[in-house]
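Structural overview for review
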Amino acid sequence: MDTIRRGEPLSVALERAGLAPQEAAEALSVASALDPRKVRAGTTITTKVDPDSGASEVVLQLAIDRVVRFTRAFGKPWVEQEQTLQWTTDTVVVGGVVTSTLTAAIAGGAEAFPERQRTELAYALADILEYRIDLSRDLQKNDSVRVMVERRTAENGLVRPGNIIAARMTVDGKPVETMRFTQSGRVAYFDGEGKSMRAAFLRAPLAFRRISSVFGMRRHPILGTMRRHAGTDYAAASGTPVRALGNGRVIFAGWRGGYGKTVEIRHTNGFVTRYGHLRAYNVRSGQPVSISQTIGQVGSTGLSTAPHLHFEVLVNGVHRDPRVALRNQSGEPLAASQRRAFEQLKTRLFAQLDQSSQRLVGRTAAAKPNGD
Ligand SMILES: [Zn+2]
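Residues numbered from 1 in each chain as written. Predicted model: local features only at pLDDT ≥ 70, side-chain atom pairs only at ≥ 80, totals over all residues. Heavy atoms only, no water.

Focus on the overall build of the protein chain
How we decide: The numbering of helices and of strands both runs from the N terminus, where a helix is a DSSP run of H or I of at least 4 residues and a strand a run of E of at least 2. Using a 1.4 Å probe on the protein chains alone, a residue whose accessible area is under 20% of its type maximum counts as buried, one over 50% counts as exposed, and one in between counts as partly exposed. By definition in these notes, contact holds between two residues if any of their heavy atoms fall within 4.5 Å. For accessible areas, the Shrake-Rupley method is used with a probe of radius 1.4 Å. Any residue's cover is judged against the shown protein chains and nothing else.
Secondary structure summary: the protein chain contains 6 helices and 21 strands in total. Out of the 372 residues in the protein chain, the part that is buried amounts to 48%. Sequence-distant contacts in the protein chain: of pairs separated by 6 or more residues, those separated by 24 or more amount to 64%. When the accessible surface of the protein chain is totalled, it reaches about 18,400 Å², and 49% of it is carbon and sulfur.

Describing unusual backbone geometry
You will see that aspartate 172, though not glycine, has its phi angle at about 55°, which is positive. Here aspartate 172 is to be found in the loop between strand 8 (159-171) and strand 9 (174-183). Its identity as a non-glycine residue notwithstanding, serine 184 has a phi of 45°, on the positive side. On the secondary structure map, serine 184 appears in the loop between strand 9 and strand 10 (186-191).

Considering the sheet that holds strand 18 (residues 294-297)
Quick reminder of the rule: In short, DSSP must find at least two bridges between two strands for them to pair.
Sheet architecture is open: 3 strands sit in the order 12-18-16, paired in antiparallel fashion. Across the chains shown, the open sheet's two edge strands, defined by having one partner strand only, are strand 12 (241-243) and strand 16 (280-281). For strand 12 and strand 18, the ladder comprises 3 bridges, and the chain directions are antiparallel. The residue of strand 18 that forms the bridge with proline 241 is glutamine 297.

A few points about the environment of glycine 317
Mapped onto the fold, glycine 317 is located in the loop between strand 19 (308-315) and strand 20 (318-320). Assessed through its relative accessible area of 63%, glycine 317 is described here as exposed. The spatial distance from the C-alpha of glycine 317 to the C-alpha of phenylalanine 271 is 8.1 Å, given a sequence separation of 46 residues.

Some points on the sheet that holds strand 4 (residues 66-72)
Strand pairing in a sheet is mediated by backbone hydrogen bonds. Such pairs are either parallel or antiparallel. If you walk across this open sheet you meet the 5 strands as 1-2-3-4-5, and the pairing is antiparallel. Each edge of the open sheet is held by one strand with a lone partner, namely strand 1 (2-3) and strand 5 (79-84). Pairing geometry for strand 4 and strand 5, over 6 bridges, is antiparallel. Bridging from a neighbouring strand, arginine 69 pairs with glutamine 81 of strand 5.

Considering the pattern of salt bridges
Inclusion rule: Here a salt bridge means any side-chain nitrogen of Lys or Arg lying within 4 Å of a carboxyl oxygen belonging to Asp or Glu.
Per the stated rule, a full pass over the model turns up 18 salt bridges. Where arginine 66 meets glutamate 82, a salt bridge forms, and the shortest distance between an N and an O atom there is 2.4 Å. In this pair, arginine 66 is assigned in strand 4 and glutamate 82 in strand 5, connecting sequence segments 16 residues apart. Glutamate 177 is the salt-bridge partner of arginine 168, the closest N and O atoms lying 2.5 Å from each other. Among the residues examined, arginine 168 registers a relative accessible area of 26% and is labelled partly exposed. Each of the salt bridges in this network shares a partner with another, and the network as a whole consists of Arg256, Glu264, Arg274 and Glu312.

Remarks on the environment of valine 159
Structurally, the position occupied by valine 159 is in strand 8. In this structure the C-alpha to C-alpha distance between valine 159 and proline 114, which are 45 residues apart in sequence, comes to 7.6 Å. Valine 159 has contacts with Ala112, Phe113, Pro114, Gln117, Arg151, Arg152 and Thr153, leaving out every residue within four places of it along the chain.

A short note on the packing of aromatic side chains
Using the following cut-off: Note on aromatic pairs: the rings of Phe, Tyr and Trp (six-membered ring only in Trp) are paired at centre separations within 6.5 Å, and the planes decide the class, stacked below 30 degrees, edge-to-face beyond 60, tilted for the rest. Geometrically, a lysine NZ or arginine CZ counts as sitting over a ring once it is within 6 Å of the ring centre and also within 35 degrees of the ring normal.
Tallying each qualifying case throughout the model produces 5 aromatic pairs. Each ring, one from phenylalanine 181 and one from phenylalanine 190, has its centre 6.0 Å from the other, and the planes form 80°; the classification is edge-to-face. No difference in accessibility class separates phenylalanine 181 from phenylalanine 190, as the two residues are buried. For the ring pair tyrosine 275 and phenylalanine 311, a centre distance of 5.5 Å and an interplane angle of 45° mean the geometry is tilted. Residue tyrosine 275 is located in strand 15 (residues 271-278), and its partner phenylalanine 311 is located in strand 19; the two are separated by 36 residues in the primary sequence. Overall, tyrosine 275 belongs to the buried group, its relative accessible area being 0%. Residue class for phenylalanine 311 comes out buried when judged on its relative accessible area of 0%. Each member of the aromatic cluster is reached from another via a ring pair, and the members are Phe181, Phe190 and Phe342. Just above the ring of phenylalanine 252 sits the side chain of arginine 256; from NZ or CZ to the centre is 4.1 Å.

Some thoughts on helix 2 (residues 21-29)
Turn by turn, an α-helix covers 3.6 residues, leaving residues three or four places apart pointing in a common direction. Convention followed: This arc is built from the directions going out from the helix axis to the C-beta atoms.
Listed as buried for helix 2 are Glu23, Ala24, Ala27 and Leu28. Seen from one end, helix 2 has its buried residues packed into an arc of 130°, which puts them on one side. Residues Pro21, Gln22 and Ser29 are exposed on helix 2 and point more than 90 degrees away from its buried face. Turning to helix 2, the residues buried within the fold contact helix 1 (10-16), strand 3 (56-63) and strand 4.

Here we look at the side chain of arginine 180
Our working definition: Any pair of N or O atoms that falls within 3.5 Å is considered a polar contact. Within protein, one atom must be able to donate a hydrogen and the other to accept it, and sequence-neighbouring residues count only if both atoms are side-chain atoms.
With respect to the secondary-structure elements, arginine 180 resides in strand 9. Separated by 3.5 Å, the side chains of arginine 180 and tyrosine 189 make a polar contact.

Looking at the pairing of strand 9
Bridging between strand 8 and strand 9 involves 6 bridges; their strand directions are antiparallel. Bridge assignment links valine 171 to a residue of strand 9, and that residue is lysine 174. The turn joining strand 8 and strand 9, which pair antiparallel and follow one another in sequence, is formed by 2 residues; a positive phi near 55° is taken by aspartate 172. In terms of strand pairing, strand 9 meets strand 10 through 6 bridges, oriented antiparallel. Looking across to strand 10, one finds that methionine 179 is bridged to phenylalanine 190.

See below:
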């Protein structure tokens, strides 16, 4: 198996995969289901030659549910065939105790997902929890995670995680539950008490997907030259977008001594957030900003030895640990009319989550892989 490289013509990829130039050209001349000039980088190619019959086969996985197959019997012309893969969805429980990273913990003895998909699952979980928990920092050794998640399997054996249905974790030793619930036709995630997982503040100013080597247990990724340090440092590549933690108004955007290029935002309830060492910012003082809006980029301006974001939360002018300050800013509770249905579903889901150890807990009908 091989993948098409960036900017590489399909014919070159086919030759690298073992076809003679003439053969590759002939195969592509019958292509109608695909435009050879528009096949994306990263597309996988599988080639096979039967040593006995001399038959050749080239398979391109164009999309998660779409395959184009070129076959040729010895001495015959190439034939192209397009195939839509059927996916089936079942539900699995994965997880374990955190010894190194969340991705590794999700491996937890299960063979449910290949490694890349486990990383995707870790990100998906972090996205659900991003108003509550900073999974890039808060996770500690011996924390635990159990996730009930849809598993989508294609006819050709490809596996992908689908929706997360429920999760029970301990983070920094404290229990956290979340589950998917449909309220008046809208799907959302709630905690075990029926409060929305969304809230007035994100827990981290960087999108986890933008931080490399995330979900480890790095307490101090950068302990640079700044001493008497009242904030949280996030190691990230220069240029990584920095997000406003919540709705508010910019009260400072400029150079602030050792902090270098800095943005400060005033939110409700006396909260101010500060973002330092920025390479650049794209807001100005007085400007309103909304939660998750990009306000600048990670850099190394001011007293800093390597690119990182210095982040602070102040409440009524006093530095506060974001883990503590933001803890009680949880989301809206469910409507009272939904409460009963929520409790019933919760009882059922968490009973399944606790009982099954990596076992299949259900099977549903065939579904498209990229549903909701
Ligand atoms: Zn710092």
